[in-house]
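# Notes for the structure review
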Amino acid sequence: MTYLVTGASGHVGREVTRQLVAAGHEVRAMTRTPGRTPVPHGAPVVAGDLDRPDSLDDALRGIERMFLFPVPRTAVEVVERAVRAGVRRIVVLSSSSVHDESTHSGAHHRTVERAVEDSGAEWTFVRPDEFANNLLWKWGHSIRTERVVRAPYPEARRALIHETDVAAVAATALMTDGHAGACYELTGPELLDQPEQVARIAAVTGTDIRFEEVTPRTAREEMVRFMPEPVVDMVLDYLVESVTNPPAPQPTVEKVTGRPATPFDQWVRDHVAQLTG
């Protein structure tokens, strides 16, 4: 049996590929830029672009199980091609935001979920809440250059999740039975407010980093330099809600994989070079 991982150059797709290879499975890693994609030894890289479904035929040939990166514009055609090619199980990288389709992220991910639901294939939806990796683009530059984090709503608490945990749930659903029709809501194991997150980063990296509260407007002006405006607005809305109604940590990672979700401190250890330069 051969698995196809789409979006194999992404932080989740790359880790799904690694875990499948480590488990002894044949894996085909698909990316738009095969010459520039670092993937684990043993996983051949194949060209394919989810924005161009007609480019996927070679990647899909002989595939029975697929990890699907979410691209809503072409999701219906991509999934139809996959099923025609023989794909019988699809695990989707989705998001907890699907519960509110009025948001950019919610509509984006739910469109892909519907395409897969309607395909006739066996499916599992992996719905992480906020990735700890978001801190790399939100805070990484200012930590590296100024040893400071500037953010609004310091009391906002989030249960940030390690990308390896998301990948582990996805890989388990691909490799083992009993996950058909499951919607897995994923969080990290602990709620931390933003100054606590900064303090943990400082302690793990041995770096003196201060937290500086700024207005939402100032934060927005900074974040739009790195991310699309709808995404920035979504992040700020999450922070507002997390002041009074933070998401409860979920036990899903352990229930699915048999091991606890990764603590935030370990995520910091795994990303020291990216955080501190």
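Scroll up for the structure.
The residue numbers shown here count from 1 along each chain, following its written sequence. Thresholds applied to this predicted model are a pLDDT of at least 70 for local features of residues and 80 or more for the giving and counting of side-chain atom pairs; totals over whole chains, interfaces and linings are not thresholded and use all residues. Values reported for side chains reflect all heavy atoms of the structure, with hydrogen atoms and water molecules removed beforehand.

### A few points about the overall build of the chain
Note the following rule: Per the convention used, a helix needs a DSSP run of H or I reaching at least four residues, while a strand needs a run of E reaching at least two, with both numbered from the N terminus. Here the radius of gyration uses the C-alpha set of atoms, whereas the globule reference equals 2.2 Å times the residue count to the power 0.38. Each residue is assigned to one of three classes by its accessible area relative to the maximum for its type, calculated with a 1.4 Å probe on protein chains only: buried under 20%, partly exposed between the two thresholds, exposed over 50%. Only heavy atoms enter the contact rule, under which two residues are in contact if any of them lie within 4.5 Å. The charge count treats Lys and Arg as positive and Asp and Glu as negative. His and the chain ends do not count. Charged side chains are reduced to one point each, which is NZ for Lys, CZ for Arg, CG for Asp and CD for Glu.
When its secondary structure is counted, the chain shows twelve helices and eleven strands. In terms of overall dimensions, the chain is globule-like: its C-alpha atoms have a radius of gyration of 19 Å, near the 19 Å expected for 277 residues. Each principal axis of the C-alpha distribution contributes one length, and for the chain these read about 55 × 40 × 35 Å. Looking at the chain as a whole, 53% of its 277 residues qualify as buried. Here the analysis covers contacts within the chain between residues at least 6 apart in sequence; of these, 71% occur between residues at least 24 apart. Of note, the chain has its 30 positive side-chain charges centred 4 Å away from the centre of its 39 negative side-chain charges.

### A short note on the packing of aromatic side chains
We apply this condition: For Phe, Tyr and Trp, rings pair up if their centres lie within 6.5 Å, where Trp contributes its six-membered ring, and each pair is then called stacked (planes under 30 degrees apart), edge-to-face (over 60) or tilted (otherwise).
Counted according to the given criterion, the structure contains two aromatic pairs. Ring geometry for W123 against F125: centres 4.1 Å apart, planes inclined by 15 degrees, an arrangement best described as stacked. This pair shows no difference in class: W123 is buried, exactly as F125 is. Arranged with centres 5.7 Å apart and planes meeting at 25 degrees, the rings of F264 and W267 form a pair that is stacked. Separated by three residues within a single helix, F264 and W267 lie in helix α11 (residues 264-270), roughly one turn from each other.

### As for the layout of surface pockets
The condition that has to hold: Think of a 1 Å grid over just the protein atoms. A cavity is a set of points where a 1.4 Å probe fits yet cannot get out, a pocket is an open set with protein on both sides within 12 Å along at least five of seven lines, and lining residues have an atom within 4 Å of a point. Grid points are joined across faces, edges and corners, and a volume is the space filled by probe spheres set on the points. Under the scheme applied here, ten amino acids are nonpolar (Ala, Val, Leu, Ile, Met, Phe, Trp, Tyr, Cys and Pro), four are charged (Asp, Glu, Lys and Arg), and all others, including Gly, are polar.
Of the volumes computed, that of the largest pocket is approximately 910 Å³. Along the walls of the largest pocket sit 33 residues, with H11, H109, F131, N134 and M227 positioned nearest its centre. Looking at the lining of the largest pocket, the elements that each hand over two or more residues are α1 (11-22), α4 (104-117), α5 (134-146) and α9 (229-244). For the lining of the largest pocket, the residue count by class is 16 nonpolar, 14 polar and three charged. Contributing to the lining of the second largest pocket are 21 residues, with S96, D129, Y238, E241 and P247 lying nearest its centre. When contributions to the lining of the second largest pocket are tallied by element, the ones reaching two or more residues are β9 (183-186) and α9. Here the lining of the second largest pocket takes five residues from α9, the largest share from any one element.

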